[in-house]
Amino acid sequence: MLVLQRFPAAANESVKEAEAPMKSRQTAKIWRQNRTAYLFMLPWLIGFFCLTLGPMAGSFYLSLTKYNLLTPPKWLGFENYVTIFKHDPMFLHSLGLTFLYVLLSVPFRVVFALLVAVILNKGIRALGIYRTVYYIPSLMGGSVAIAIVWRKIFDTDGIFNQFLGWFGIHGPSWIANPDYVLYSIVTLSVWQFGSAMVIFLAGLKQVPADLYEAASVDGAGKVRQFFRITLPLITPVVFFNLVMTIIGSFQVFTPGYLIGDGRGGPIDATMFYTLYLYLKGFSFFDMGYAAALAWIMVVIIGVFTAVVFATSKYWVFYGDGKEERG
């Protein structure tokens with residue numbers, strides 16, 4: 001005891017030296033137990049560091065430079081970001097247009113997908129056929145073919161105006177008029193509701209049927225059952241679809257590119273943020289500026305996603321009846 005009291009530092013070092021081999025053996029044992037899992041994870045880890053994290057780091061570096069693909073990057077610091085926020089009116093226009101698109105398309109798409117899922121959940125015959133038919137547009141997603149077809153449908157002499165002509169209505173060119181072109185693209189987004197619908201349908205299948213039976217005995221109608229039973233129990237599914245739809249809507253590109261002839265027409269009515277970023281990078285070859293635009297969008301999407309996560313504790317409920325606390 002006297003030795004320990006007189007030389008506490010030496011005693012602590014002795015204890016650490018004694019524990020070191022034990023910790024090494026435990027680490028080696030954990031590695032042996034988990035090495036198979038690490039080997040299975042290796043392809044993903046390589047892909048993450050080489051194809052995701054590495055390019056992201058390179059993109060952030062380029063956002064701090066002047067780079068045109070032909071000459072070495074020239075260091076500018078945060079000059080690109082200052083120019084974007086202070087001297088680029090098209091940045092504000094494209095960002096505002098994208099915000100409006102997200103504001104219109106996200107709620108309509110989520111609500112429409114939920115409505116169709118509720119209808120299909122009523123035991124309709126040939127449910128698999130309906131589910132497949134409604135899901136097909138989502139499979140084609142932001143494909144060039146769908147955007148071209150949509151352009152043909154809403155052109156001056158397109159199918160939609162021909163349909164209106166049967167009722168004596170002379171419709172405008174929905175894609176050449178800046179007052180209507182955004183709404184035609186929003187309609188295209190809502191039409192591609194299939195993926196969210198399938199997820200909603202899976203969530204609806206998990207709602208216990210005995211809850212509806214008990215509610216019916218108590219005299220609750222279908223509408224009351226939906227808002228008191230169905231909707232609270234599928235809020236985790238609503239949360240997931242909402243987050244994914246917001247992220248996807250901020251990245252809208254193909255419809256704006258093809259319907260707007262690749263230049264955001266008519267008169268910049270389809271100049272979405274991603275299209276402006278693309279033009280800066282691949283038409284004007286200002287890759288540093290485009291990289292800065294990309295990182296601003298990353299931050300914006302991250303903020304919106306964080307807000308949805310932060311507010312989810314007030315409206316997302318799980319099977320234990322408690323609100324989400326994360």
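What you are looking at is a predicted structure, and each value in this text was computed from that prediction instead of being measured. (Residues numbered from 1 in each chain as written. Predicted model: local features only at pLDDT ≥ 70, side-chain atom pairs only at ≥ 80, totals over all residues. Heavy atoms only, no water.)

## Focus on the overall build of the chain
Scanning the chain from N- to C-terminus turns up 15 helices and 2 strands. Every one of the 326 residues in the chain was classed for burial, and the buried ones make up 35%. Summed over all atoms, the accessible surface of the chain reaches about 20200 Å², with 68% contributed by carbon and sulfur. (Helix = DSSP H or I, 4+ residues; strand = E, 2+ residues; numbered from the N terminus. Buried < 20%, exposed > 50% of the residue type's maximum accessible area, 1.4 Å probe, protein only. Areas by Shrake-Rupley, 256 points an atom, 1.4 Å probe, with all protein chains shown as cover.)

## Quick notes on the pattern of salt bridges
Tallying each qualifying case throughout the model produces 1 salt bridge. Residue Arg151 pairs with Asp261 through a salt bridge whose shortest N-O separation is 3.2 Å. Separated by 110 residues along the polypeptide, Arg151 in helix α6 (residues 144-153) and Asp261 in the loop between α13 (254-259) and α14 (273-282) bring together distant segments of the chain. Assessed through its relative accessible area of 24%, Arg151 is described here as partly exposed. (Salt bridge = Lys/Arg side-chain N within 4 Å of Asp/Glu carboxyl O.)

## As for the layout of surface pockets
Here the second largest pocket is characterised by a volume of approximately 300 Å³. Contributing to the lining of the second largest pocket are 14 residues, with Val118, Lys122, Tyr212, Phe226 and Thr230 lying nearest its centre. For the lining of the second largest pocket, the secondary structure elements donating two or more residues are α10 (209-217) and α11 (222-233). A per-element tally of the lining of the second largest pocket places α11 first, with 6 residues. Of the residues in the lining of the second largest pocket, the class split is 9 nonpolar, 3 polar and 2 charged. (1 Å grid on protein atoms, 1.4 Å probe; cavity = no way out; pocket = protein on both sides within 12 Å on 5 of 7 lines; lining within 4 Å. Points joined across faces, edges and corners; volume = space filled by probe spheres on them. Nonpolar A, V, L, I, M, F, W, Y, C, P; charged D, E, K, R; others polar.)

## A short note on the environment of Arg109
With respect to the helices and strands, the residue Arg109 is situated in helix α4 (residues 89-120). Discounting residues that sit within four places of it in the chain, Arg109 has contacts with Ser189, Val190, Gln192, Phe193, Ser195 and Thr245. (Contact = heavy atoms within 4.5 Å.)

## Remarks on α11
Across its 12 residues, α11 extends 15 Å between first and last C-alpha, which sits within 8% of the 16 Å expected from 1.5 Å per residue. If you check which residues of α11 are buried, you get Gln225, Phe226, Ile229 and Thr230. Projected down its long axis, α11 carries its buried residues within an arc of 125 degrees, all on one side. In α11, the exposed residues that point more than 90 degrees away from the buried face are Val223, Arg224, Phe227 and Arg228. (Expected span 1.5 Å × (residues − 1). Arc of directions from axis to C-beta.)

## So, the packing of aromatic side chains
Taken as a whole, this structure holds 26 aromatic pairs when the rule is applied. Measuring from ring centre to ring centre gives 5.3 Å for Tyr101 and Phe272, while their planes differ by 65 degrees; the resulting arrangement is edge-to-face. Taken together, the positions of Tyr101 in helix α4 and Phe272 in the loop between α13 and α14 put the pair 171 residues apart, joining distant regions of the chain. Across the pair, exposure class does not vary: Tyr101 and Phe272 are buried alike. With a centroid separation of 5.3 Å and 65 degrees between ring planes, the pair formed by Phe253 and Tyr278 is classed as edge-to-face. With a gap of 25 residues between them, Phe253 in the loop between α12 (235-250) and α13 and Tyr278 in helix α14 connect regions that are remote in the sequence. On the basis of relative accessibility, which here comes to 28%, the residue Tyr278 falls in the partly exposed class. Grouping aromatic residues by their ring pairs yields a cluster made of Trp150, Phe154, Phe160, Trp174, Tyr180 and Trp191. Its end group placed over the ring of Phe284, Lys280 keeps NZ or CZ at 5.7 Å from the ring centre. The ring of Tyr289 carries the charged tip of Lys280 above its face, separated from the ring centre by 4.8 Å. (Phe/Tyr/Trp six-rings, centres within 6.5 Å; stacked < 30°, edge-to-face > 60°. Lys NZ or Arg CZ within 6 Å of the ring centre and 35° of its normal.)

## Considerations on a nonpolar patch on the surface
A surface patch of nonpolar side chains, about 410 Å² in accessible area, is lined by Phe99, Val299, Val303, Phe304 and Val307. Summarising the element assignment, Phe304 is placed in helix α15 (residues 287-311). (Patch = residues over 30% accessible without salt bridge, like charges linked within 9 Å, V, L, I, M, F, W, Y side chains within 5 Å.)

## Section: the environment of Thr65
Mapped onto the fold, Thr65 is located in strand β1 (residues 65-66). With near-sequence residues (within four places) excluded, Thr65 lies in contact with Pro73, Lys74, Trp75, Leu76, Asn80 and Gly288. In this structure the side chain of Thr65 is engaged in a polar contact, spanning 2.8 Å, whose partner is the backbone oxygen of Leu62. (Polar contact = N/O pair within 3.5 Å; in protein donor to acceptor, adjacent residues only side chain to side chain.)

## Structural notes on the packing of α4 against helix α9 (residues 194-205)
Following both chains from N to C, one finds α4 and α9 inclined at 50 degrees, their axes separated by 8 Å at the closest point. On the basis of the axis angle, α4 is oblique to α9. α9 is crossed by α4, and the crossing has right-handed handedness. Only Ser195, Ala196, Met197, Phe200, Leu201 and Leu204 of α9 make contact with α4, whose side of the interface consists of Arg109, Val110, Ala113, Leu114, Val116, Ala117, Val118 and Leu120. (Axes fitted to C-alpha atoms, helices over the stretch in contact; angles between N-to-C directions. Parallel < 35°, antiparallel > 145°, perpendicular 65-115°, else oblique. Left-handed = near helix turned anticlockwise from the far one by under 90°.)

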